[in-house]
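Remarks on the overall topology
Listed below are the residues making up each chain.
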Amino acid sequence: MNSPRDILRIATGGSVDDGKSTLIGRLLLDTDCLAEDQLEMARSNLAVTDGLRQERLQGITIDVAYRYFSTSDCRVILADSPGHFEYTRNMITATSTADALLLLVDVTKGLTEQTKRHFYLASLLKVPYLLVCVNKMDLVGFSEGHFYSICKTINFMQRDLSFGKIDFIPISALSGENIARKSSRMPWCKGSSLLGRLAEIPRMQIYQSNQTRAYVQRRVSIQGLDYYQIWLCTGKLKVGNQIKAYPGDEVLTVNSLKNWKFPVTHVSAPAAVLVTFEEHRALERGTLLCKLDDANLPKNTNQLEATVCWMDNAPLRRDSRYKLMHTTNLTDITDLQVCSKVDIDRHIAVACASGVETNDICNMQITLARKIAVDTWQSNRLTGSFVLIDDQTNFTAAAGFITAVK
Amino acid sequence: MRLLDYLETESIFILRETAAQCKKPVLLFSGGKDSLVLLRLAEKAFWPEKVPFPIMHIDTGHNFPEVLEFRDKTIARLGLTLIVRRVEDSIFLGRTCDLDGPFPSRNALQTVTLLDAINEFEFDAAIGGARRDEEKSRAKERVFSVRDNQGHWDPQKQRPELWNLYNGRVGEGGHLRVFPLSHWTELDVWRYVQVEELQLPSLYFSHTRDCLIRGRSILPAGPYLGPTVGESITQLSIRFRTVGDMTCSSAVESKATTISEVIHEIMASKSSERSGRVDDQVSDWSMEERKRAGYF
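Residues numbered from 1 in each chain as written. Chains lettered and ligands numbered in written order. Predicted model: local features only at pLDDT ≥ 70, side-chain atom pairs only at ≥ 80, totals over all residues. Heavy atoms only, no water.

1. A few points about the overall build of chain A
This is how it is decided: For the purposes of this entry, the term helix denotes a DSSP run of H or I that reaches at least four residues, the term strand denotes a run of E that reaches at least two, and both are numbered from the N terminus. Within these notes, the globule rule equals 2.2 Å times the number of residues to the 0.38 power, and the radius of gyration is based on C-alpha atoms. A simple rule labels every residue: compare its accessible area, found with a 1.4 Å probe on the protein chains alone, to the largest value its type can have, and call it buried under 20%, exposed over 50%, or partly exposed in between. For this analysis, residues touch if any pair of their heavy atoms sits within 4.5 Å. None of His or the chain ends enter the tally, which takes Lys and Arg as positive and Asp and Glu as negative. Here the site of a charge means NZ on Lys, CZ on Arg, CG on Asp, or CD on Glu.
When helices and strands are tallied, chain A shows seven helices and 22 strands. Over its C-alpha trace chain A gives a radius of gyration of 23 Å, about what one expects of a compact globule, namely 22 Å for 406 residues. Taking the principal axes of its C-alpha atoms as reference, chain A extends roughly 70 × 60 × 40 Å. Expressed as a percentage of the 406 residues in chain A, the buried residues total 61%. Residue pairs in contact within chain A that sit at least 24 positions apart in sequence constitute 69% of those at least 6 positions apart. For chain A, the distance from the average position of its 46 positive side-chain charges to the average position of its 43 negative side-chain charges is 3 Å.

So this is what it looks like as structure tokens:
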């Protein structure tokens, strides 16, 4: 009766009506993770993730819903994001921590504008594994030709984009073909079922990196000794490690590591641990801790170049004050320049003639009131990302990916 | 990484973020299994400090005496401060009133008492043990979930929550609800109780009790629930899956007397944890409506 060994985080994407909710219902059903009362609901329309009244009334998914199911060795945390264009921000939210994105395509309709946008966003977000699920194969008689024609279109589209890994699978979510078991209706399909493919991909990748990155959440001083409650977000930490503390350039030695009251000699990310150092320095919340001998160290800067997705319903306002939240740092922004807007249909940057509105993706130059230590998104998804907070409404107005550091 | 280790470490991170970003948080505690897990996580998160915020219970007046006793012992053992606010007092002050009909539930009434207490102490964050797997509107709620100055939740105005970045800022008069157990399932909670050897109220284990069978629910007979005319009492061997307000905590037939027997039963069981909850059966949107009004 062991608990699952591992955690896999996946997100879904695709156009409205391409069958995302049906697929999720099917995954829960086939992994035996629907309770009987939920099953009744699932059988009626399989849309088990539409939890809000507005969603049922409109028959669409508005907000990200989280579902949990377990395969033989793994807990899956699934973030279901809506397919409507005006809710693109939700897809970015859902994929921010995902190991894989399941992008649904309705084989009878082909690629819609929305699917193409999600496809491009998946590339922009560097989703480690993109699985294109060509759905509703039952409606085209499980035809190989229809499936490969979709694959061909996507392969043509992706020629100027980059992905960690991209894969294609023909499925029927409604009848359960190729979901938990390999379908006998599509003997021409190479490779295993959808769950079989998910079983093979690396898990919790956002926390996997050779770089050691930890940041201070809180400092507790007891009898002249400083204890730091830190979040090790990537890499490993050992007692005796030489640590560089940013944005200063002090070098410290790890004296002890504890899980609650129990000393440990080393920890791996992700880990909320307690650390003490041999040297006495009053490090502040937001201090970034890195191993001195890491091949790549972060950069101290107050000048960032970033790709930013605008999430607030209110447009970017020139007169408004925004703060930048990065790790556990909240920093004032002194200047924010919009350099260009990303045309997600043509995959190019264009001049930003009008303002920046909800779901716009643009390239920005941000100047901060003080220096912080950052990585690029390319090298670390957790220390290379941030959100912008509107100082007046406190809303999380935008999500940013650091592309370059000056 | 093992699942429980991951869930634990993530919850600890969230609890520390709450303490670091909010001025005056409070941890909501009922003596139930989820809040006991939450309390253990808080102990771990802040050690060598004591949990740096008070613990609060909203007593509906229809709580199980065993659970209240258990609650007091637990908080005393950890040397923490317990605040209790009572629905009875809110009724007495005319802030709310019992619903019509025989044996009304006071579950929804807690909202008024909770919001009054949050105002009274000027709490800016209330940490709760709710999980996303419990109910469909909860599946959509953020870990740091904003309440406006009326204490209301607006699902359409939720803040995007990305990576490990939790935005803990709230406007004047508003507050946060923080849910560190968002990613846990009922089974995870039980397994954690087992691994951590946490003590639970005896109601969670099989015992013989006078029960009423009402619709799909098995309910404890007594002053708050009846029997009503035409109903008869059945003696059953049961355990409770939730131990909140007596009027809506339904039981399941069970022979499980240990944690591992309970885990076995849950794994074999075919109904979800809240399926017998009377308050969720009122309408398909009961939870969303209660949540919008400021419920836990």
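On we go from here.
2. Overview of the pattern of salt bridges
Residue and element names in this part refer to chain B. Let me state the cut-off plainly: Salt bridge, as used here: a side-chain nitrogen of Lys or Arg that lies within 4 Å of a carboxyl oxygen of Asp or Glu.
Considering all chains together, one arrives at 37 salt bridges over all chains under this definition. Note that lysine 44 is salt-bridged to glutamate 8, the shortest N-O span being 2.6 Å. In this pair, lysine 44 sits in helix 2 (residues 33-46) while glutamate 8 sits in helix 1 (residues 3-21), placing the two residues 36 residues apart along the sequence. Here glutamate 8 falls in the buried class, since its relative accessible area comes to 16%. Of the charged contacts, one joins arginine 209 and glutamate 66 as a salt bridge, the two residues approaching to 3.5 Å between their closest N and O atoms. On the criterion of sequence distance, the pair formed by arginine 209 in strand 7 (residues 207-214) and glutamate 66 in helix 3 (residues 65-77) is long-range, its members being 143 residues apart. In this structure glutamate 66 comes out as partly exposed when scored by relative accessible area, which is 32%.

3. Side note on the sheet that holds strand 5 (residues 129-135) of chain A
Residue and element names in this part refer to chain A. Condition: Strands are labelled as partners when DSSP assigns at least two bridges between them. Fitted lines through C-alpha atoms give the axes, limited to the stretch in contact for helices. The angle between two N-to-C directions lies from 0 to 180 degrees.
Spatially, six strands are ordered 2-3-1-4-5-6 in an open sheet, and the strand pairing comes out mixed. Of all the strands in the sheet, the pair left with one neighbour each is strand 2 (65-70) and strand 6 (166-170). Sheet twist, expressed as the mean angle between neighbouring strand axes with direction ignored, is 25 degrees. Pairing analysis gives five bridges linking strand 1 (residues 6-14) to strand 4 (residues 100-106), with the strands arranged parallel.

4. Looking at the packing of aromatic side chains
Two aromatic rings are characterised by how far apart their centres lie and by the angle between their planes. All names here are of chain A. Worth spelling out the cut-off: Two rings belonging to Phe, Tyr or Trp (six-membered ring only in the last case) form a pair when the distance between their centres is within 6.5 Å. Interplanar angles under 30 degrees mark stacking, angles over 60 mark edge-to-face geometry, and anything in between is tilted.
A complete count under the given rule lists 21 aromatic pairs over all chains for this structure. With a centroid separation of 5.5 Å and 85 degrees between ring planes, the pair formed by tryptophan 310 and tyrosine 322 is classed as edge-to-face. Here tryptophan 310, found in strand 16 (residues 299-310), pairs with tyrosine 322, found in strand 17 (residues 322-326); they are twelve residues apart in sequence, far enough to count as distant. We classify tryptophan 310 as buried; its relative accessible area is 0%.

5. Quick look at helix 7 (residues 259-268) of chain B
All names here are of chain B. The test is simple: Note: the arc covers the axis-to-C-beta directions of the helix.
Of all the positions in helix 7, only Ile259, Val262, Ile263 and Ile266 are classed as buried. Summarising the axial view, the buried residues of helix 7 lie within an arc of 100 degrees, below the 170-degree limit, and thus occupy one face. Residues of helix 7 that are exposed and angled more than 90 degrees away from the buried face: His264 and Ala268.

6. Section: the sheet that holds strand 1 (residues 25-28) of chain B
Residue and element names in this part refer to chain B. Ordered in space as 3-2-1-4-6-5, the six strands form an open sheet in which the pairing is mixed. In the strand order of this sheet, the two ends are held by strand 3 (82-86) and strand 5 (144-147), each with one partner. Strand-to-strand twist in this sheet, taken as the mean axis angle between neighbours without regard to direction, amounts to 30 degrees. Where strand 4 (residues 125-127) and strand 6 (residues 175-178) come together, three bridges link them in parallel fashion. Within the sheet, the bridge partner assigned to isoleucine 127 lies in strand 6 and is valine 178. Against the sheet, helix 2 engages strand 1, strand 2 (55-59) and strand 4, with an angle of about 140 degrees to strand 1.

7. Side note on the pairing of strand 7 (residues 213-222) of chain A
Residues and elements named next belong to chain A. Across the ten residues of strand 7, seven count as buried, placing the element largely inside the fold. Bridge analysis of strand 7 against strand 8 (residues 225-234) gives nine bridges, and the strand direction is antiparallel. Bridged to serine 221 within strand 8 is aspartate 226. In this antiparallel pair of consecutive strands, strand 7 and strand 8, the connection spans two residues, and glutamine 223 shows a positive phi of 50 degrees.

8. Quick notes on the pairing of strand 11 (residues 250-259) of chain A
Residue and element names in this part refer to chain A. Where strand 10 (residues 242-246) meets strand 11, four bridges bridge the pair, whose relative direction is antiparallel. Residue isoleucine 243 lies in a different strand from strand 11, and its bridge partner there is leucine 252. Where strand 10 folds back on strand 11, the antiparallel hairpin that results is connected by three residues. Of the pairings in the sheet, the one linking strand 11 to strand 14 (residues 271-277) comprises four bridges and is antiparallel in character. Looking at the pairing, valine 254 lines up with phenylalanine 277 of strand 14. Of the pairings in the sheet, the one linking strand 11 to strand 12 (residues 262-264) comprises three bridges and is antiparallel in character. Across the sheet, residue asparagine 259 finds its bridge partner in strand 12, namely phenylalanine 262. Turn length for the strand 11-strand 12 hairpin, with the two strands adjacent in sequence and antiparallel, is two residues, and the turn residue tryptophan 260 shows positive phi of about 60 degrees.

9. Describing the packing of helix 1 of chain B against helix 2 of chain B
All names here are of chain B. Put simply, the test is: Oblique is the label for any angle not under 35 degrees, not over 145, and not in the 65 to 115 range, which are roughly parallel, roughly antiparallel and roughly perpendicular in turn. Residue type decides the class: Asp, Glu, Lys and Arg count as charged, Ala, Val, Leu, Ile, Met, Phe, Trp, Tyr, Cys and Pro as nonpolar, and the leftover types, Gly among them, as polar.
Put simply, helix 1 and helix 2 touch, their axes get as near as 9 Å, and they point 70 degrees apart. It follows that helix 1 is roughly perpendicular to helix 2 by the angle criterion. Across from Glu8, Ser11, Ile12, Leu15, Arg16 and Ala19 in helix 1, the residues of helix 2 making contact are Leu38, Leu41, Ala42, Lys44, Ala45 and Phe46. Looking at side-chain class alone, the contact of helix 1 with helix 2 contains eight nonpolar, one polar and three charged residues.

10. Some points on empty space enclosed by the protein
Residue and element names in this part refer to chain A. Definition in use: The method works on a 1 Å grid over the protein atoms by themselves. A cavity is a set of points holding a 1.4 Å probe that cannot get out, a pocket is an open set with protein on both sides within 12 Å along at least five of seven lines, and residues with an atom within 4 Å of a point line them. Grid points are joined across faces, edges and corners, and a volume is the space filled by probe spheres set on the points.
Inspection of every chain in the model, using the stated rule, returns five cavities of 30 Å³ or more. Sorting the residues of the lining of the second largest cavity by element identifies strand 1, strand 3 (74-80) and helix 4 (88-95) as the ones contributing at least two each. Here the lining of the second largest cavity takes three residues from strand 3, the largest share from any one element. Residues that form the lining of the second largest cavity fall into these classes: eleven nonpolar, five polar and four charged.

11. Looking at the domain arrangement of chain A
Residues and elements named next belong to chain A. Here is the rule: Where each domain begins and ends is defined by an automated method or by a domain database. Here the quantity called buried area is the accessible surface, traced with a 1.4 Å probe, that two parts lose on coming together, added over both. By the criterion applied in these results, polar contacts are pairs of N or O atoms within 3.5 Å in which, for protein atoms, one can donate a hydrogen and the other can accept it, and in which residues neighboring in sequence qualify only through two side-chain atoms.
Its domain assignment divides chain A into domain 1 (6-205), domain 2 (209-291) and domain 3 (299-405). Taken together, the contacts link 22 residues of domain 1 with 15 residues of domain 3. Overall, the association of domain 1 and domain 3 removes approximately 1600 Å² of surface from exposure, summing both partners, and the carbon and sulfur fraction of that is 59%. Ranking the residues of domain 1 by area buried against domain 3 places Arg89, Tyr120 and Lys126 at the top, with a combined share of 36%. Where domain 1 packs against domain 3, one counts zero salt bridges. At the junction of domain 1 and domain 3, the tally comes to two residue pairs in polar contact (both at pLDDT 80 or more). Secondary structure elements with two or more residues in the side of domain 1 that touches domain 3: helix 4 and helix 5 (113-124). Looking at the side of domain 1 that touches domain 3 residue by residue, the class counts come to eleven nonpolar, five polar and six charged.

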